[in-house]
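# Survey of secondary and tertiary structure
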Amino acid sequence: MPEVRLRIPASLRSHARDREELVIETDTLAGLLQQLAESEPLLASRLLADDGTRRPYVRLFLDGREVDAGVDGPVPITKDSVLTVVASIAGGRPGESRSLTPEEELRYHRQLILPGFGEEGQVRLREAGVLLIGAGGLGSPAALYLAAAGVGRIGLVDADTVDLSNLHRQILHGTTSLGRPKVDSAAETLARLNPHVDVVPLNLRLTSENALDTLAGWDVVIDGSDNFPTRYLVNDACVLLGIPLAYGAVFRFEGQASVFGLPDGPCYRCLFRDPPPAGLVPGCEEAGVMGVLPGIIGTIQATEALKLLLGAGRSLAGRLLILDAGSMEFREIEVRRDPECPICGTNPTITGLIDYEEFCGSRAAHPKDPGIRSNSSEGPAGGTDLMESASTDPNGVPQIDVAQLQTILDRGGRLQLVDVREAHEWEISNLGFAGARLMPLGQLFDRLDELDPTEDTVIYCRSGSRSAMAVKYLQAHGFARSVNLKGGINDWARQIDPGMPRY
Amino acid sequence: MAADLRDRIARHVESAYPEEACGALFGSRSGRARPIVTSALPLVNRAARRTEGFRVGPRELEELCRARQAAGESLLGFYHSHPDRRPEPSSADLESAVPGLWQVTVPVIGGRSGARRAWHAEEGAECPR
């Protein structure tokens, strides 16, 4: 049974015989609390009321994720975990005040003097809460400006840790934060900038199960996510909860921004009913992104959020703003509310959150199409046992791993080795020494005649997703003996040639 | 609580006016009804609106408690100010008061501290000092 280390805060330690930590073997949160009630009744009574609900000053975090004993039911514990008890020590003078302190007046002076802003506007911001999905490229500039402007509560949802390759654009984080949870690093940065802001770090991945609870109660949501399943999830949750959504997205040199989810305005689905085929649009890590671009788009999202909170100006609702940073041109397209929209239309077919991974096709959902599968009983034709040693991925694409490729190469088997990445990626690392040739995915379709469909073919890219698409395409076009290199060249660098750079 | 500690708390809450100030009380918990306070240490007020309330950072409190424990003191409770209000506990105070710990509230009217109140969440005991 997993062991849970229960961390006790200083203010409750006197109820646990002054111990900082207790170790309890259990497989559910409820079981843990029950054992605690027996072994440490005093401490247990300080954490939970008689009816089993958590006392108002207590918050419980299981491996950094907040859990609520009274609400979440029997939270399963599958591995050794840490349950941290946080007892909030707070309070305040009786009565409410709606005026600004002298310090606030000075801090926000330059915006207070704006026409139509004033003390009332500032108090409105102070009482407002904005939730940011993602503390990355878009979330960084947005959170910084919202904190600086005095938005009272800023929530950050992100389950990632800070990576060196994030720092060229994710300016909430610095070199000293490498490896730390992004939400923690972000909370520190924002507290330094403006200690009046109540930062709520939510170290979790947004899912269909937790999205409605996570988003409820916020005044505006800013979508800084980097993938389609999350984008549709956030859109749908905002529409269902009636929360305005400041949308933004970036790709290489292009950015987009708009506002969705207003009572009369369109939503993301009115603009894009269906997601693009999985893998067609590579993410930042494969396609690259200019660091300053999310800076521009993220600050536009923050501007829209502030306008929504203040009820000022004309929002981007109904318009999609498109920025081409290459030519530095802003264009605008009109987005109308679609009466047929499955979620915000007149007869919605989506009335709750769905499985967005499946909706966006990122997970295998359908049985393999036999028409595009290789027939592995044909036997070797090109001198290797490529198809025989290949396995299939969850989408039915045949694949080999880097060790298998090395074995084939060592045996001197005849092989077409094709790199479907971009030229700048080839410069970082390549398998040219083994005869690999570069055919970027976008050119593959025009250059098929350069390849021999009867030969054994291995396709690779950075991590194996673009090449899987290429293999699917090749299989459908008569290349029965083509396979994907699982894990891509980065796996080769990891397992076969540690001297090769990874990216 | 010794007079010099009371003065220290008064100076701290007056200097923070019009914002609320907060701090922790340490001493010996020797089984008596009223513990003896031997240290009163200021804490950073981390509330979003410091003129309206106070909030203690859990990490800061952990570190302080660890240091005081090494010096043989335990956490007895907290103090905080009520700028331009009476010292009676507010609803927010009562809601987040941890049972077993003492709370001392100090009114600060126009920048000058007044008569404090000490109270105890669980027993509801109150003893003006």
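Here the structure is a predicted model, which is why all the values come from computation and not from measurement.

Conventions adopted
Residues numbered from 1 in each chain as written. Chains lettered and ligands numbered in written order. Predicted model: local features only at pLDDT ≥ 70, side-chain atom pairs only at ≥ 80, totals over all residues. Helix = DSSP H or I, 4+ residues; strand = E, 2+ residues; numbered from the N terminus. Contact = placed C-beta atoms within 7 Å. Pairing = 2+ DSSP bridges. Nonpolar A, V, L, I, M, F, W, Y, C, P; charged D, E, K, R; others polar. Buried ≥ 20, exposed ≤ 12 C-beta atoms within 10 Å, placed from the backbone. Arc of directions from axis to C-beta. Axes fitted to C-alpha atoms, helices over the stretch in contact; angles between N-to-C directions. pLDDT = per-residue confidence, 0-100. Parallel < 35°, antiparallel > 145°, perpendicular 65-115°, else oblique. Left-handed = near helix turned anticlockwise from the far one by under 90°. Expected span 1.5 Å × (residues − 1).

Further remarks concern the overall build of chain B. Secondary structure summary: chain B contains three helices and eight strands in total. Tracing chain B from N to C terminus, the helices and strands come up as α-β-β-β-α-β-α-β-β-β-β. For chain B, the share of sequence-separated contacts (at least 6 apart) that also reach a separation of at least 24 residues comes to 55%.

Residue and element names in this part refer to chain A. Note: strand β1 (residues 3-7) against strand β5 (residues 81-87), four bridges, orientation parallel. Directly across from Val4, in β5, lies its bridge partner Ser81. Here five bridges tie strand β3 (residues 58-62) to β5, and the two strands are oriented antiparallel to one another. Within β5, the residue paired with Val58 across the bridge is Ala87.

Once that is clear, we can look at the interface of chain B and chain A. Counting residues at the interface gives 33 residues for chain B, matched by 27 residues for chain A. Looking at the side of chain B that touches chain A, the elements that each hand over two or more residues are β3 (54-55), α2 (58-70), β4 (74-83) and α3 (91-96) of chain B. Broken down by class, the residue content of the side of chain B that touches chain A amounts to 15 nonpolar, eight polar and 10 charged. Direction of pairing for strand β6 (residues 90-91) of chain A relative to β3(B): antiparallel, over a ladder of two bridges. Note on β3(B): the bridge partner recorded for Ala90(A) is Arg55(B).

Here the focus is helix α20 (residues 488-495) of chain A. Residue and element names in this part refer to chain A. Every buried residue of α20 is accounted for by Gly488, Ile489, Asp491 and Trp492. Taken around the axis of α20, the buried residues stretch over an arc of 155°, which confines them to a single face. Of the surrounding elements, those touching the buried residues of α20 are α16 (402-410), β19 (457-460), α19 (465-476) and β20 (482-485).

Glancing now at the sheet that holds strand β17 (residues 416-419) of chain A. Residues and elements named next belong to chain A. A sheet is described by the order of its strands in space; here six strands give the open sequence β15-β16-β20-β19-β17-β18, paired in mixed fashion. Both outer strands of the open sheet, β15 (391-392) and β18 (437-438), are each paired with one neighbouring strand and no more. In this structure, β17 lies alongside β18, joined through two bridges in parallel fashion. Note that in β18 the partner of Asp419 across the bridge is Leu438. Here α19 sits on the sheet in contact with β16 (398-400), β19 and β20, set at roughly 175° to β20.

All names here are of chain B. Taken residue by residue, chain B gives an average pLDDT of 82. The fraction at 70 or more is 88%. In the predicted structure, residues 123-129 sits below a pLDDT of 50 and forms 10 contacts with residues beyond four places in sequence or in another chain. For this predicted complex, the interface score ipTM comes out at 0.73, while the overall pTM is 0.49.

Bringing the packing of helix α7 (residues 139-149) of chain A against helix α13 (residues 292-310) of chain A into the picture now. All names here are of chain A. Interaxial distance between α7 and α13 falls to 7 Å at its minimum, and their mutual angle equals 40°. Our classification of the angle between α7 and α13 gives oblique. Taken as a pair, α7 and α13 cross one another with a handedness that is right-handed. On α13, the residues touching Gly139, Ser140, Pro141, Ala142, Tyr145, Leu146 and Ala149 of α7 are Gly295, Gly298, Thr299, Gln301, Ala302, Ala305 and Leu306. Tallied by class, the residues present in the contact of α7 with α13 amount to eight nonpolar, six polar and no charged.

With that out of the way, let us pick up α13(A). Its 19 residues place the ends of α13(A) 27 Å apart at the C-alpha level, agreeing with the 27 Å of an ideal helix rising 1.5 Å per residue. Note on α13(A): the residue one or two positions beyond its end, Gly311(A), has a positive phi of about 65°.

Glancing now at unusual backbone geometry. In the segment running from Tyr17(B) into Pro18(B), the intervening peptide bond is cis, with an omega of 10°. Relative to the helices and strands, Pro18(B) is located in the loop between α1 (3-16) and β1 (22-28). Although it is not a glycine, Arg252(A) sits at a positive phi angle of roughly 55°. As for its position among the elements, Arg252(A) is in the loop between β11 (245-251) and β12 (254-260).

Residue and element names in this part refer to chain A. The strand order across the open sheet built from eight strands is β9-β8-β7-β10-β11-β12-β13-β14, with neighbouring strands paired in mixed fashion. The sheet is open, and its two edges are formed by β9 (198-202) and β14 (329-334), each paired on a single side. Across the sheet, the axes of successive neighbouring strands diverge by a mean angle of 15°, strand direction being ignored. Judged from the five bridges that link them, strand β8 (residues 153-157) and β9 form a sheet pairing that is parallel. When the sheet's bridge partners are listed, Ile154 is paired in β9 with Val199. Sheet contacts for helix α10 (residues 228-241): β7 (129-133), β10 (220-223), β11 and β12; angle to β10, the most-contacted strand, approximately 170°. Running over the sheet, α13 touches β7, β10, β11, β12 and β13 (319-324) and is turned about 170° from β11.

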